[in-house]
Amino acid sequence: MARLAPKTLKPSAESLDDFLNAHNDTRAPIDQMEAEIRSSRFTLAKHALDEAMTTSQHVRMLRFGGAGVIIEVPSPDWIPAVRMAAEKLISWHHIFCRGGSSKSSENPSVGNMEVADFLGNGGRVLGVSQSPGQYLPSALIAAADVRIRIGTPSNDVIRKTILTLTGHKARRMPPDIARGLAFDVIAASIRKGTLASSCVRRLVAASRANAAIDPNLADVPVLSEIHGYGAAGEYAQRLAYEFSEWKAGRTDWSSLERSVLLAGEPGTGKTTLVRSIAKTLEIPLISTSVALWFSQTNGYLNEVIKEINRVFTMAAQMAPVLIFVDEMDGIPSRASLGSRNRDYWVPLINHCLTTFENAISGNTDKIILIGASNYPDLIDPALLRPGRLGRVITVEKPDVDGLAGIIRQHLGPDVLDGADLSVPASIGVGATGAEATTWVAGARRRARDAGRPMRLDDLVREIAPPDPRSPEEALSCARHECGHGLAVTLLGPGAVVSLSNVMSHGLGGLTRTSMPRATILTKTSIEAYVTTVLAGRATDEEFGEANSGSGGAYASDLGLATSMLASMHLSMGLGGSLLHRASDAEARECLRHDPEMRRRVESDLNVLYLRAKEFVHENRDLIDALAQRLVVARIMSGDQMRAVIAKYRPAPSPIVTLGGHHG
């Protein structure tokens, strides 16, 4: 049974000092303690405990009637020294020191009877752990009178420790000098018989040698400079704003969306985005992966769990911090497990669930957790619930603007200054950011080997494969695209961004346009648009004969023209009837079952195609002149095309369509 505390207290105590002096203090001064007690480990723990503990907490521990005390430490390696410091502070009737080394004996269900016996008899019970709720008896957690949390040692704690051990004051010291360092590393760096400045230098060197922190963020752009990330980029920007608000004290840490899973194909830039977040937030980045958990251990379950604990414990010591866990699909879903390997994986999955939840819950541990996977469907759904990894954000391949931004980022501000990079980017749509980086490196190499500055053509040659077409076929495709481009320019439904005569993604060329974002369409604007779409086929026929280049997929020239006219008749009420028969998406399908509507749409197509042929015939020489240039250049910006048009045709003439005049 517990030794009972005295039941009476002298009522004459009028101050805290009187109260404390009323009890015999059998503790020896630090200079009279045993050598092992006066070690740097004890001294560091003592000063850290003194800073973390308030006067009222100290008083509460000394009161009669028992006291349950919990001390939360940054990591398991703190536990022995903190216990030693706590025992010199006051006498305890029972102590629990648990770091999670044994699943059977260090869990909340073990030790509750002892807690009840000692506290019930007025004793003092101490629990020390890096995760009290996970390892200490549940009765102590529920009945604790005092809760003390020791964080990463402050510079003040380090200064006091250095002064105690060396007798010298440490003057200049970097901010948060102990951040990210293990307890024993800090203690080993502060040595008796050395100068205070030497202790500081050792701590700085230990921080630089900490391989867990990603040291290669200098070459990573900040979030304001990255491109092509879509929803993932929006999340990163919002996180940066929320983090700045928290840092300024205007919001609570719990308001941050501090855990997500980034999903996407290899090369889409998930790792780069995470590194950019860490650089923008100016916080340490701990990069790990499921594969590392296994490769850095012998693969046994307890060893893998220890490695996971090591990573997250280290993170807690350096918070605020970003943990990046790659290859999350390496942990299988419990639904896919067979009976043979279930006993291995289920405890590991459950440990990950608990670890992730503990890391990002509440306001104590300032940890941002971002996972990544190429195959998010393979991940256990429980890992993706709120409070763990949370939602899945897909990192898509960048669009034209995104690719152009990535290319510009890697070129720098001075190379190809003023060039319209959307032109080569439009050729490479469908590529990843990693591929765009490779293009820039290849273009630099081409220019260097030629002994000249880089040209836009160097970039195009890296992006576009060699042209397998005959000269005649290449010219035919160029004329087709120039027919589109000239019609768009002169008929006025939009503006040409670029013309491409490069084979890419199954296309012989591409006319990239910028159409006004009109919320209202008229019959005139629809017919003008369809005329420009049909101008490519009209050009084919003008210079030879019609070919398959305008047909094929729903997104082909003929597919787009048919869909637009079907919607005009069946959905928009602009075809002579007010009857609404289908949505835009359903209009094409209605043509399959309505012969009369097919005839009406085809009649409009024929009339507009005739207008397109007339337009092409009137501008035959201009189309050919544009095409001859495009064959050589392979790509042409909208400005370059308009400059050629200005030489041949200073002012466009109005074009008559079914809906009236549209100049």
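Quick look at the structure, then. Source: prediction; values computed, not measured.

**Quick word on the sheet that holds strand E10 (residues 495-500)**
So, step 1. Strand order in the open sheet formed by three strands is E11-E10-E12, with antiparallel pairing between adjacent strands. Every interior strand has two partners, whereas the edge strands, strand E11 (510-514) and strand E12 (635-637), have only one. Here the average twist between neighbouring strands, direction ignored, is 20°.
So, step 2. Set on the sheet, helix H25 (residues 620-633) makes contact with E10 and E12; between it and E12 the angle comes to about 120°.

**With respect to the sheet that holds strand E5 (residues 259-263)**
So, step 1. Overall, parallel pairing links the five strands, which are arranged E6-E7-E8-E5-E9 in an open sheet. Edge strands, defined here as strands with exactly one partner in the open sheet, are strand E6 (285-289) and strand E9 (392-394). On average, each strand axis in the sheet is tilted by 25° relative to the strand beside it, whichever way the strands run.
So, step 2. Bridging between E5 and strand E8 (residues 367-373) involves five bridges; their strand directions are parallel. Paired with leucine 261 across the two strands is glycine 371, which belongs to E8.
So, step 3. Against the sheet, helix H12 (residues 270-281) makes contact with E5, E6, strand E7 (321-326) and E8, and its axis sits at roughly 175° relative to E7, the strand it touches most.

**Looking at unusual backbone geometry**
So, step 1. Phi at aspartate 176 is positive, roughly 50°, even though this residue is not glycine.
So, step 2. Non-glycine residue glutamate 327 carries a positive phi angle of around 55°.
So, step 3. The topology assignment puts glutamate 327 in the loop between E7 and helix H15 (342-360).
So, step 4. The class for glutamate 327 is partly exposed, based on a relative accessible area of 35%.

**Details of the packing of helix H22 (residues 557-570) against helix H24 (residues 595-618)**
So, step 1. Between H22 and H24, the least distance of the axes is 10 Å, while the angle of their chain directions is 125°. Relative to H24, the element H22 lies oblique. In the packing of H22 onto H24, the handedness of the crossing is right-handed. Contact with H22, carried on its side by Ala561, Thr562, Leu565, Ala566, Met568, His569 and Leu570, involves Met597, Arg600, Val601, Asp604, Leu605 and Leu608 of H24 and no other residues of that element.
So, step 2. The class makeup of the residues in the contact of H22 with H24 is nine nonpolar, two polar and two charged.

**A closer look at the pattern of salt bridges**
So, step 1. The final tally for this structure, using the stated rule, is 24 salt bridges.
So, step 2. Here arginine 60 and aspartate 145 are joined by a salt bridge, their closest N and O atoms 3.2 Å apart. With arginine 60 in helix H3 (residues 55-62) and aspartate 145 in the loop between helix H7 (138-143) and strand E4 (146-149), this residue pair connects regions lying 85 residues apart in the sequence.
So, step 3. Judged by its relative accessible area of 39%, aspartate 145 is partly exposed.
So, step 4. One salt bridge in this structure joins aspartate 401 and arginine 512, with 3.5 Å as the shortest N-O distance. Of this pair, aspartate 401 sits in helix H16 (residues 400-411) while arginine 512 sits in strand E11, and the two are 111 residues apart along the sequence.
So, step 5. On the basis of relative accessible area, aspartate 401 is assigned to the exposed category, the value being 53%.
So, step 6. By relative accessible area, arginine 512 is classed as buried at 18%.
So, step 7. Taken together, the shared-partner salt bridges in this structure form one network comprising Arg238, Glu257 and Arg391.

**Considerations on the nonpolar core**
So, step 1. Core analysis: the largest hydrophobic core is formed by 45 residues, its most contacted members being Met61, Val69, Ile71, Ile158 and Ile162.
So, step 2. Residues Leu565, Leu591, Ile623 and Ile645 belong to the second largest nonpolar core, which totals 41 residues.

**Things to note about the side chain of serine 571**
So, step 1. Note on placement: serine 571 falls in the loop between H22 and helix H23 (584-593).
So, step 2. According to the relative accessible area criterion, serine 571 is buried, its value standing at 18%.
So, step 3. A distance of 3.4 Å separates a polar side-chain atom of serine 571 from the backbone oxygen of alanine 582.
So, step 4. Polar contacts involving the side chain of serine 571 include one to the side chain of aspartate 584, which spans 3.1 Å.
So, step 5. Ignoring any residue separated from it by four or fewer positions in sequence, one finds serine 571 in contact with Ala566, His580, Ala582, Ser583 and Asp584.

**Observations concerning the environment of arginine 598**
So, step 1. Along the chain, arginine 598 falls in helix H24.
So, step 2. Taking the C-alpha atoms as reference, arginine 598 lies 9.6 Å from threonine 562; in sequence the two are 36 residues apart.
So, step 3. Ignoring anything within four residues of it in the chain, the contact list for arginine 598 reads Leu591, Arg592 and His593.
So, step 4. Looking at arginine 598, its side chain comes within polar contact range of the main-chain oxygen of arginine 592, at 3.0 Å.

**Some thoughts on the pairing of E10**
So, step 1. The sheet contact formed by E10 and E11 spans five bridges and is antiparallel. Within E11, the position partnered with valine 496 by the bridge is threonine 513.
So, step 2. Bridge count for E10 against E12 is three bridges, and the pairing is antiparallel. Bridged to serine 498 within E12 is serine 637.

Rules and cut-offs
- Residues numbered from 1 in each chain as written.
- Predicted model: local features only at pLDDT ≥ 70, side-chain atom pairs only at ≥ 80, totals over all residues.
- Heavy atoms only, no water.
- Pairing = 2+ DSSP bridges.
- Helix = DSSP H or I, 4+ residues; strand = E, 2+ residues; numbered from the N terminus.
- Axes fitted to C-alpha atoms, helices over the stretch in contact; angles between N-to-C directions.
- Contact = heavy atoms within 4.5 Å.
- Buried < 20%, exposed > 50% of the residue type's maximum accessible area, 1.4 Å probe, protein only.
- Parallel < 35°, antiparallel > 145°, perpendicular 65-115°, else oblique.
- Left-handed = near helix turned anticlockwise from the far one by under 90°.
- Nonpolar A, V, L, I, M, F, W, Y, C, P; charged D, E, K, R; others polar.
- Salt bridge = Lys/Arg side-chain N within 4 Å of Asp/Glu carboxyl O.
- Core = buried A, V, L, I, M, F, W, Y, C linked by side-chain atoms within 4.5 Å.
- Polar contact = N/O pair within 3.5 Å; in protein donor to acceptor, adjacent residues only side chain to side chain.

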